[in-house]
Amino acid sequence: MYEFKTFWEAVADLPHRLEYLEVNGWRTRVLTVDRPGGPDEQTVVLLNGTTGHIEAFTQNIRALASKYRVVGYDYPGHGFTTLTDHDLEIPEYEEHLLALLDVLGLDRAHLCGESLGGWIAIKFAAHHPERVRTVILSAPGGRVTTAERVDRAQSVSRQAVTEPTYDNVKKRLQVVIHDPGKITDELVRIRQAVYSRDGFGDAMHHIAVLRQPETRYRNRVTDEDFAAIPVPALLVWTDHEPSGGPEVGKELAESIPDGQFLLIENAAHWPQWEDPETFNATVLDFLARKG
C-alpha cells in the first residue's frame, strides 16, 4: 500500500530550489528539482488547481524527478505568490506561464496540469505549440458544467477561506479527494496557511470569477479544443469525477488526435494524489514514449 509522503520527504535528498522569482510583475513561488543527465534535460512543469499550490503534487514530484527536471509554481493569486487585486481569467494565466518559461530559460516543456492546470495547459498548447512537448491533463477543468456542481464547490471553498479552521479546510479538500483517509495533516495545514494569508479572502473573489457562468463561458474549453490539442496528451479521469462519469473522460481522450486515457478508480478530482502509484507509472511511460 502506498505510503503518503510529506513535501519535505519528497524533495529533501534531491537537488532542489524553492525560490521567489519575478514573473510578469508577480512575485512567484517556484520549486525546481534538478535531474542532471535526464533525457535532453527535459522539464515537466506542474500546474495546480483553483486555490491550489505546489504541494498538490507532493506525491508525484519524486517519481517524475527520477527521469526529468521538475518545476512547480504557484499561480498569480494562489499559494504564496503575490495575491491578486483584479479578476484573473485564462489568458492572464497563460501569459504568466509563458513568462515563467522564459525566466527559467525553458524553450519547451511537458505540462502536467490538474483541474484549472489542465484548463490552462489545453489553452496554452493551442496558442504556443512550439513551447510544449506533451500535456498531461489530470481531471482537467474548463468545460461548462451544471450550476449545482459549481455552487457546491464554491460554497465549501467560501467557508474554508472565510473561516480557515482545520475542519473547514479538510471539508474543502474532501470535494476533490474521495477518500478522507488520504487527506494528510500536512496538506490541510499548508492550505490553512494559504487561506489565512492577509487579503486572501479578497483574492479568492478574483480567482473564483471563472466559476461565474458568463466568465466561464468566455474562457471555456470546448470539445473542439480537445480535438485540436496539437501535442501528445494523456487524459487522466476518475470514477467519481464531479464533472462527469468515466465515459465522459474516455470520450474526451478519444477526441484528442494523439490522446491516451487513464482511469483512476476510487478517486474524485485529484487523481495524481489519490492513486500516485498508478498515476506516476503511467505518466513516466507516456513521457518515455511520447516525449
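Further up the page is the structure itself.
Residues numbered from 1 in each chain as written. Predicted model: local features only at pLDDT ≥ 70, side-chain atom pairs only at ≥ 80, totals over all residues. Heavy atoms only, no water.

Asker: Can you walk me through the sheet that holds strand β5 (residues 109-114) in this structure?
Answerer: Across a sheet, strands are paired by hydrogen bonds formed along the backbone, either parallel or antiparallel in direction. Taken together, the eight strands give an open sheet; going across it, the order is β1-β2-β4-β3-β5-β6-β7-β8, and neighbouring strands pair in mixed fashion. Each edge of the sheet is formed by a strand with only one pairing partner; in this case those strands are β1 (16-23) and β8 (259-264). The average angle at which neighbouring strand axes cross in this sheet is 20°, direction not considered. Here four bridges tie strand β3 (residues 43-47) to strand β4 (residues 69-73), and the two strands are oriented parallel to one another. Among the inter-strand pairings, V45 is bridged to a residue of β4, identified as V71. Strands β3, β5, β6 (132-138), β7 (233-238) and β8 of the sheet are contacted by helix α13 (residues 276-290), whose axis makes an angle of about 160° with β6. (Pairing = 2+ DSSP bridges. Helix = DSSP H or I, 4+ residues; strand = E, 2+ residues; numbered from the N terminus. Axes fitted to C-alpha atoms, helices over the stretch in contact; angles between N-to-C directions. Contact = heavy atoms within 4.5 Å.)

Asker: Could you clarify how one ought to interpret the environment of E55 in this entry?
Answerer: Looking at where E55 falls in the secondary structure, it is placed in the loop between β3 and α2 (58-65). The exposure class of E55 is buried, given its relative accessible area of 5%. Separated by 19 residues in the primary sequence, E55 and D74 have C-alpha atoms spaced 9.5 Å apart. (Buried < 20%, exposed > 50% of the residue type's maximum accessible area, 1.4 Å probe, protein only.)

Asker: What should I look at first to understand the packing of aromatic side chains in this one?
Answerer: Any two aromatic rings considered together are summarised by their centre-to-centre distance and by the angle between their planes. Counted by the stated rule, this structure contains six aromatic pairs. With centroids separated by 5.8 Å and ring planes inclined at 55°, the aromatic side chains of W270 and W273 adopt a geometry described as tilted. Taking relative accessible area as the criterion, W270 reaches 3% and is therefore assigned buried. Connected via pairs of aromatic rings, a cluster forms that spans Y2, F4, W270 and W273. Here R27 stacks its cationic end above the ring of Y20, 3.8 Å away from the centre of that ring. (Phe/Tyr/Trp six-rings, centres within 6.5 Å; stacked < 30°, edge-to-face > 60°. Lys NZ or Arg CZ within 6 Å of the ring centre and 35° of its normal.)

Asker: Just checking my understanding: could you explain the side chain of H78 for this structure?
Answerer: Counting through the fold element by element, H78 comes out in the loop between β4 and α3 (90-104). Judged by relative accessible area, which is 0%, H78 ranks as buried. Not counting residues within four places of it along the chain, the set of residues in contact with H78 comprises N48, G49, T50, T51, G52, Y93, L116, R197 and I207.

Shape is all these values report; function is a separate question.
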